[in-house]
Amino acid sequence: MSRISWRGFAAVIAIWAMSPLGASAADAPKEIRIDWATYNPVSLILKQKGMLEKEFAKDGIRIIWVQSAGSNKALEFLNAGSIDFGSSAGSAALVARINGNPIKSIYIYSRPEWTALVAAKDSKINTVADLKGKRVAVTRGTDPHIFLVRALLGAGLSEKDITPVLLQHADGKIALIRGDVDAWAGLDPMMAQAEIEDGARLFYRNADANTWGILNVREQFLKDHPQIVQRVLATYEEARKYSLANYDELKKALVVATKLPDVVADKQLKERTELTYNRIGKPQRDSILAAGVALQQAGVIDPKVDVKAALDSLVDDGVPLPTN
């Protein structure tokens, strides 16, 4: 082959390598890091069935699973780049985005009523107003925290009127049962466990103030690997549909993950979890926006922040999902 043709061939190779197709092939990730969480039942089926492992086996891409103990942990992991996909409440994702976490919300995995305000069986606390001056266990940066702030606002109170005791969700439940705190901003399945095993009372519930279960992705990962993200979502959708069609397996996955009795799993899954949604549409946006506005009114979000614009920058509903 002549020198000119070799140069031409090399030029073609260089152009191909710089093209989106060439870059995609060269830069395909060696692993996908994704969280699982007991507050995200779909993730348990996804992990247990090895669905992502099967999807990416032909690409030689490993799946790395990381447990998230709450939205705050999932969002911390995303911000640190230690996971690529993480599950959280929509409101928690919005606050994280406002605070500079470079994430995109791309999928709905559940419509939960996973949080309420909880008191011990013999407690005299019956209303949100009764929390004034009390010690309340809460996990900052999560839907239960945001739920608590909104509940206080509705009762004419703020976090300054209580003593927040900062604990991760499971530790908050333990503190309530031990009597170390007066109330707890609860999260399922620990909340359901406290009800059934310890007689704890959900003294304040508001299903509409629970924001949606959202799957988030690192913004850079989405930019670098849009086709990978599309395949992850397609597999998530497969797991969501499987969960709807196979309740007993879904419950078993939760029981195995939590070591909790069947009756606790039933309370979380049958009474307070809906898995019929997948796309982030107007109802989801409205719910998350309402939470953001309430947090701004409560002083949690800076008054100068454009919450609507922040929500628009958070949500990316352009990643296609399977049509059937």
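What counts and what doesn't
Residues numbered from 1 in each chain as written. Predicted model: local features only at pLDDT ≥ 70, side-chain atom pairs only at ≥ 80, totals over all residues. Heavy atoms only, no water. Pairing = 2+ DSSP bridges. Helix = DSSP H or I, 4+ residues; strand = E, 2+ residues; numbered from the N terminus. Axes fitted to C-alpha atoms, helices over the stretch in contact; angles between N-to-C directions. Contact = heavy atoms within 4.5 Å. Polar contact = N/O pair within 3.5 Å; in protein donor to acceptor, adjacent residues only side chain to side chain. Salt bridge = Lys/Arg side-chain N within 4 Å of Asp/Glu carboxyl O. Buried < 20%, exposed > 50% of the residue type's maximum accessible area, 1.4 Å probe, protein only.

Observations concerning the sheet that holds strand β7 (residues 163-166)
Now for step 1: On the basis of which strands lie adjacent, the open sheet formed by five strands has the order β7-β6-β8-β5-β9 and mixed pairing. Looking along the sheet, the strands with just one partner apiece sit at the ends: β7 and β9 (201-204). In this sheet, adjacent strand axes meet at a mean angle of 35° when their direction is disregarded.
Now for step 2: Bridge count for strand β6 (residues 135-138) against strand β8 (residues 183-185) is two bridges, and the pairing is parallel. Its bridge partner lying in β8, Val136 is registered against Ala183.
Now for step 3: Strands in contact with helix α8 (residues 169-178) are β5 (117-119), β6 and β8; relative to β8, the strand with the most contacts, it is inclined by about 165°.

Remarks on the environment of Asp286
Now for step 1: Its place among the elements puts Asp286 in helix α14 (residues 282-297).
Now for step 2: For the pair formed by Asp286 and His225, sequence separation is 61 residues and the distance between their alpha carbons is 29 Å.
Now for step 3: A polar atom in the side chain of Asp286 sits 2.6 Å from the side chain of Lys282.

Considering the pattern of salt bridges
Working definition: two side chains of opposite charge can pair if their charged atoms are close together.
Now for step 1: Following the criterion strictly, the structure yields 21 salt bridges and no others.
Now for step 2: With its nearest N and O atoms 2.5 Å apart, the salt bridge here joins Glu249 to Lys49. Of this pair, Glu249 sits in helix α12 (residues 247-258) while Lys49 sits in the loop between α3 (41-48) and α4 (51-56), and the two are 200 residues apart along the sequence.
Now for step 3: The exposure class of Glu249 is partly exposed, given its relative accessible area of 27%.
Now for step 4: For Lys49, a relative accessible area of 27% puts it in the partly exposed group.
Now for step 5: The residue Arg97 makes a salt bridge to Glu219 at a minimum N-O spacing of 3.2 Å.

Some details on unusual backbone geometry
Now for step 1: In this structure, Pro189 follows Asp188 across a cis peptide bond, with omega equal to 5°.
Now for step 2: Structurally, the position occupied by Pro189 is in the loop between β8 and α9 (190-198).
Now for step 3: We note that Lys259 has phi near 60°; this positive angle belongs to a residue other than glycine.
Now for step 4: Relative to the helices and strands, Lys259 resides in the loop between α12 and α13 (262-272).

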